[in-house]
Amino acid sequence: MKKWISCLLSTMLLFSVSLGANAAENIIRLATTTSTYNSGLLDKLLPVFEQEYGAKVHVIAVGTGKALRMGRDGDVDLVMTHAPAAEKSFIDQGYGIEAKSVMYNDFVVVGPVNDPAKIKGGMDVEHALRSIAASKSQFISRGDDSGTHKKELALWKASGTAPTFDGYKQIGQGMGKVLQVSDELQGYTMTDRGTWLAYQARLNLELMIAGDKRLFNPYQVMLVNPARYKGLNTDGARALAQWLVSAQGQQMVNDFRINGEVLFHGSAQQIVTAQ
């Protein structure tokens, strides 16, 4: 009898260890942008994927630059970012594989109600930046090597204006925090539309510039190259990437709204190019 109980306990222990190993194998590490995370989109998408695939997705929300560095270091299984030129370099250098376009929205410029730079309603983002600098208004920059920060710096350069005026502040924070600081200081900032819509109701800021084609903001997902690192959950990462661009995933992206406003548009059939 004791021998039978001992065998039973051993079997249960082995079964438990097996379950633990399987659970560990089903952990998928996703590095993505704070703008994606702050919008609330992942809170809607990932539980559905996890339920269907028996997986657990660990989300690390950071700027695009840091997300790609985590991929280069093999610290995550896949990345979802929004900086096409940096992503192209990531792939060309052999760190990323199987890039897929997931969705897009756009960047917007928001600012204080009194609009000291007089830019509200315009559609020329470069003119708006020149006006902000000329009026010596407050402009709060992420300053964190994120996709938004990269885009902002590229637009300053294109405008022919260096962001060196007294009101320009880089705070090294994510998009939600930047919007809060902009509200506190009554300054301008550039944000992705998704985070703006998620935070708009709690801020005393207004939409200033939108609709300029130079503010296009595409997101894509890439697997970290398993040929470079051991221990990656490549099968899980591939399953998540494929689900994001599936008919179900894309429909959920398109259906995601805040106060009736569409935040993202699925783009699985589109090609992302470096801008």
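About the thresholds
- Residues numbered from 1 in each chain as written.
- Predicted model: local features only at pLDDT ≥ 70, side-chain atom pairs only at ≥ 80, totals over all residues.
- Heavy atoms only, no water.
- Phe/Tyr/Trp six-rings, centres within 6.5 Å; stacked < 30°, edge-to-face > 60°.
- Helix = DSSP H or I, 4+ residues; strand = E, 2+ residues; numbered from the N terminus.
- Buried < 20%, exposed > 50% of the residue type's maximum accessible area, 1.4 Å probe, protein only.
- Lys NZ or Arg CZ within 6 Å of the ring centre and 35° of its normal.

Quick notes on the packing of aromatic side chains
(1) Moving on: Applying the stated criterion across every chain yields a total of 10 aromatic pairs.
(2) Moving on: Taking 5.5 Å as the distance between ring centres and 80 degrees as the angle between the ring planes, the aromatic pair formed by Phe139 and Trp156 counts as edge-to-face. In this pair, Phe139 is assigned in strand β5 (residues 139-141) and Trp156 in helix α7 (residues 147-159), connecting sequence segments 17 residues apart.
(3) Moving on: Trp156 sits in the buried class, given a relative accessible area of 1%.
(4) Moving on: Pairing Phe139 with Tyr168 gives two aromatic rings, centres 5.9 Å apart and planes at 10 degrees, and the pair type is stacked. In this pair, Phe139 is assigned in strand β5 and Tyr168 in strand β6 (residues 168-170), connecting sequence segments 29 residues apart. Judged on exposure class, the residue Phe139 and its partner Tyr168 are both buried.
(5) Moving on: Its guanidinium or amino end placed over the ring of Tyr95, Arg228 lies 4.2 Å from that ring's centre, counting from NZ or CZ.

Looking at unusual backbone geometry
(1) Moving on: A positive phi angle is found at Glu98, which is not glycine, with a value near 55 degrees.
(2) Moving on: One can find Glu98 in strand β4 (residues 96-112).
(3) Moving on: A positive phi angle, near 55 degrees, is found at Lys136, a position not held by glycine.
(4) Moving on: Mapped onto the elements of the fold, Lys136 is located in the loop between α6 (125-134) and β5.
(5) Moving on: Assessed through its relative accessible area of 61%, Lys136 is described here as exposed.

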